[in-house]
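Structural description and commentary
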Amino acid sequence: SGSPEEPSSQLPSVIPSGDSPSGSPEESSDQCYESVKDRYYLKTDTDGEEITKTCGSLAKKNENKVKRTCAKTKSGTTGAAKDVCKVTCGVCPCGEIDKSRFYPRPVKGEGKVKNNICRWLASTKKDIESICTSDRRSDKLGPAKVVCPVTCGTCPNE
């Protein structure tokens, strides 16, 4: 009776402390920016090789698998999931994932809408204020100020 929601819409707004893409917002202890390409330590195989996975792949797992993975503390040359995928694991009070989609903005003069992601918003200077103050949403996508709170500067003050 409908398609499954995108994983990012089911996750808390928190981002891990991995390598953030250039042009991403500044990260503080209570604000995090997570890239779907950030890698965390999963395990070491029988040959002694470290196996790592991306935060994007973790975000696609079911809730129980995410909880189990985020509860692990062992790390290798990359950190444990809870230290790398802080948004997916829900350990950061306010954050965003670079590829999270927010409600489309109208394209001027065309009567069409354009889908956008937080990474695009963080890299653009055009219309950022109007995009970040808009309350427009759909059944599946929230407004930029909710989906991309680090970029929009809308994290609640603690």
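Residues numbered from 1 in each chain as written. Predicted model: local features only at pLDDT ≥ 70, side-chain atom pairs only at ≥ 80, totals over all residues. Heavy atoms only, no water.

With that settled, the discussion passes to the overall build of the protein chain. Regarding its fold elements, the protein chain presents 8 helices and 6 strands. In the protein chain, the order of α-helices and β-strands from amino to carboxyl end is β-β-β-α-α-α-α-β-β-β-α-α-α-α. For the protein chain, the share of sequence-separated contacts (at least 6 apart) that also reach a separation of at least 24 residues comes to 55%. Total accessible area computed for the protein chain in this model is approximately 9,400 Å², and 46% of it derives from carbon and sulfur atoms. (Helix = DSSP H or I, 4+ residues; strand = E, 2+ residues; numbered from the N terminus. Contact = heavy atoms within 4.5 Å. Areas by Shrake-Rupley, 256 points an atom, 1.4 Å probe, with all protein chains shown as cover.)

Before going further, it helps to examine helix α2 (residues 63-71). Among all positions in α2, only Val66, Thr69 and Cys70 are buried. Relative to the axis of α2, the buried residues are bounded by an arc of 95 degrees and lie together on one face. Across from the buried face of α2, at angles greater than 90 degrees, the exposed residues are Asn64, Lys67, Arg68 and Ala71. (Buried < 20%, exposed > 50% of the residue type's maximum accessible area, 1.4 Å probe, protein only. Arc of directions from axis to C-beta.)

In this section: the confidence of the model for the protein chain. The share of residues in the protein chain with pLDDT of 70 or more is 74%, and the mean pLDDT across the chain is 80. Mean pLDDT across the elements of the protein chain ranges from a minimum in strand β6 (residues 112-117), with 70, to a maximum in strand β3 (residues 50-54), with 97. When the criterion is pLDDT under 50, residues 1-27 qualifies, and its contacts beyond four places in sequence or with other chains add up to 77 contacts. (pLDDT = per-residue confidence, 0-100.)

Glancing now at the nonpolar core. Counting 11 residues, the largest nonpolar core is built from Tyr33, Phe102, Cys118, Leu121, Ala122, Ile131, Cys132, Ala144, Val147, Cys148 and Cys152. Breaking this core down by element, the ones donating at least two residues are α5 (118-123), α6 (128-133) and α7 (144-147). At 3 residues, the largest contribution of residues to this core is made by α5. Membership of the second largest hydrophobic core comes to 9 residues, among which are Cys55, Cys70, Ala81 and Cys85. (Core = buried A, V, L, I, M, F, W, Y, C linked by side-chain atoms within 4.5 Å.)

Glancing now at the state of the cysteines. A covalent bond between the sulfur atoms of two cysteines is referred to as a disulfide. Under the criterion given, the structure shown has 6 disulfides. A sulfur-sulfur distance of 2.0 Å marks the disulfide that ties Cys32 to Cys92. In this structure, the disulfide formed by Cys32 and Cys92 twists by about 95 degrees around the S-S bond and is classed as right-handed. Of the two residues, Cys32 sits in strand β1 (residues 31-34) while Cys92 sits in the loop between α4 (86-89) and β4 (94-97), which places them 60 residues apart along the sequence. There is no split in this pair, since Cys32 and Cys92 are both buried. Within the protein chain, bonded cysteines paired by disulfides and numbered along the sequence follow the pattern 1-6, 2-4, 3-5, 7-12, 8-10, 9-11. (Disulfide = S-S within 2.5 Å.)

Together, Arg39, Lys43, Lys53, Lys61, Lys65, Arg68 and Lys72 give the surface a local cluster of positive charge. Inspection of the secondary structure puts Lys53 in strand β3. Exposure remark for Lys53: the relative accessible area of 36% places this residue in the partly exposed category. (Patch = residues over 30% accessible without salt bridge, like charges linked within 9 Å, V, L, I, M, F, W, Y side chains within 5 Å. Salt bridge = Lys/Arg side-chain N within 4 Å of Asp/Glu carboxyl O. Lys, Arg positive; Asp, Glu negative; His and termini not counted. Charge placed at Lys NZ, Arg CZ, Asp CG, Glu CD.)

What follows deals with the environment of Cys132. Residue position: Cys132 is located in helix α6. Put simply, Cys132 and Thr154 are 22 residues apart on the chain and 8.4 Å apart in space, counted from C-alpha to C-alpha. Setting aside residues up to four positions removed in sequence, Cys132 forms contacts with Leu121, Lys145 and Cys152.

As for its position among the elements, Val36 is in the loop between β1 and β2 (39-44). Remark: the alpha-carbon pair of Val36 and Gly56, spanning 20 residues in sequence, is separated by 4.1 Å.

Relative to β3, β2 is paired through 5 bridges, and the arrangement is antiparallel. Paired with Thr44 across the strands is Glu50, a residue of β3. Linkage of β2 to β3, two consecutive antiparallel strands, is achieved through a turn of 5 residues, within which Gly48 is found at a positive phi near 85 degrees. (Pairing = 2+ DSSP bridges.)

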